[in-house]
Amino acid sequence: RCSALARKGTAYFFRQAAWCPVTHALAQLSSAFDGMWALNYPTPTLRSGESILQGLPEGLARWQYAGLLHIAPFMRNFHLASALEIGRGIPADPNASLPLFLEVAAAPEAVVLAAGLQSDGKRLFDFYKPVYESTQTAAMFRAGQLLKRAGYEDEASGWLA
């Protein structure tokens, strides 16, 4: 009975990922993630995370969602870019990974993203902040390496400095 309930809950979670950007990012970051998952479940475009956030009542769920909305999509894009670069679960395509690495590398600093968060949203953000910052640093390095390999030395040096 417990296994059946767990399977049902997991199935529900992944169905929610089809329309919610935060749930989608968390599902992609799960330990079962490989690049093929991202191809089977593309990033939702039906509703933006901001529109979902505005629909939540003031309180704990809204604060938590705000904290995750600010950070999870960048971590998701880094993992997808890594899978594309080396071909983990999908055919390798470093050219497709470069824009994702650049997006994460150019993302706002954690202190900017944290502005305005409160209560549990701030607590969640603070918990993931070190991961976000190292993901951003790694994305800068990976973007620089890909640009350097492609012969764009000047652009690469800006990311590798």
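Scroll up to find the structure.
Described in the following lines is the structure provided in the data block. (Residues numbered from 1 in each chain as written. Predicted model: local features only at pLDDT ≥ 70, side-chain atom pairs only at ≥ 80, totals over all residues. Heavy atoms only, no water.)

Side note on the overall build of the chain
Reasoning step 1: Looking only at helices and strands, one finds 9 helices and 0 strands in the chain.
Reasoning step 2: Reading the chain from its N end, one meets helices and strands in the order α-α-α-α-α-α-α-α-α.
Reasoning step 3: The buried share among the 161 residues of the chain stands at 40%.
Reasoning step 4: Sequence separation of 24 or more characterises 60% of the internal contacts of the chain that already satisfy a separation of 6 or more.
Reasoning step 5: Only carbon and sulfur atoms are counted for the fraction: they give 60% of the accessible area of the chain, which is about 9100 Å². (Helix = DSSP H or I, 4+ residues; strand = E, 2+ residues; numbered from the N terminus. Buried < 20%, exposed > 50% of the residue type's maximum accessible area, 1.4 Å probe, protein only. Contact = heavy atoms within 4.5 Å. Areas by Shrake-Rupley, 256 points an atom, 1.4 Å probe, with all protein chains shown as cover.)

Things to note about unusual backbone geometry
Note: most peptide bonds trans; most residues except glycine with negative phi.
Reasoning step 1: In this model, Ser119 sits at a positive phi of 50°, which is unusual for a non-glycine residue.
Reasoning step 2: Turning to its location among the elements, Ser119 is positioned in helix α8 (residues 119–149).

Let's talk about the nonpolar core
Reasoning step 1: In this structure, Val22, Tyr65, Phe125 and Tyr132 are the most contacted members of the largest nonpolar core, which totals 18 residues.
Reasoning step 2: Contributing elements (two or more residues each) for this core: α4 (49–55), α5 (60–86), α7 (110–114) and α8.
Reasoning step 3: Among the elements that line this core, the one with the most residues is α5, at 6 residues.
Reasoning step 4: If we skip the residues at most four places from it in the chain, Phe125 touches Gly67, His70, Ile71, Ala110, Leu113, Ala114 and Leu117. (Core = buried A, V, L, I, M, F, W, Y, C linked by side-chain atoms within 4.5 Å.)

Section: the pattern of salt bridges
Reasoning step 1: Per the counting criterion, the structure on display carries 5 salt bridges.
Reasoning step 2: In this structure, Arg142 and Glu85 form a salt bridge, with 2.2 Å as the shortest nitrogen-oxygen distance. Of this pair, Arg142 sits in helix α8 while Glu85 sits in helix α5, and the two are 57 residues apart along the sequence. Across the pair, Glu85 and Arg142 agree in class, each one buried.
Reasoning step 3: Where Asp120 meets Arg123, a salt bridge forms, and the shortest distance between an N and an O atom there is 3.1 Å. Of the two residues, Asp120 and Arg123 both sit in helix α8, 3 residues apart, roughly one turn of that helix. (Salt bridge = Lys/Arg side-chain N within 4 Å of Asp/Glu carboxyl O.)

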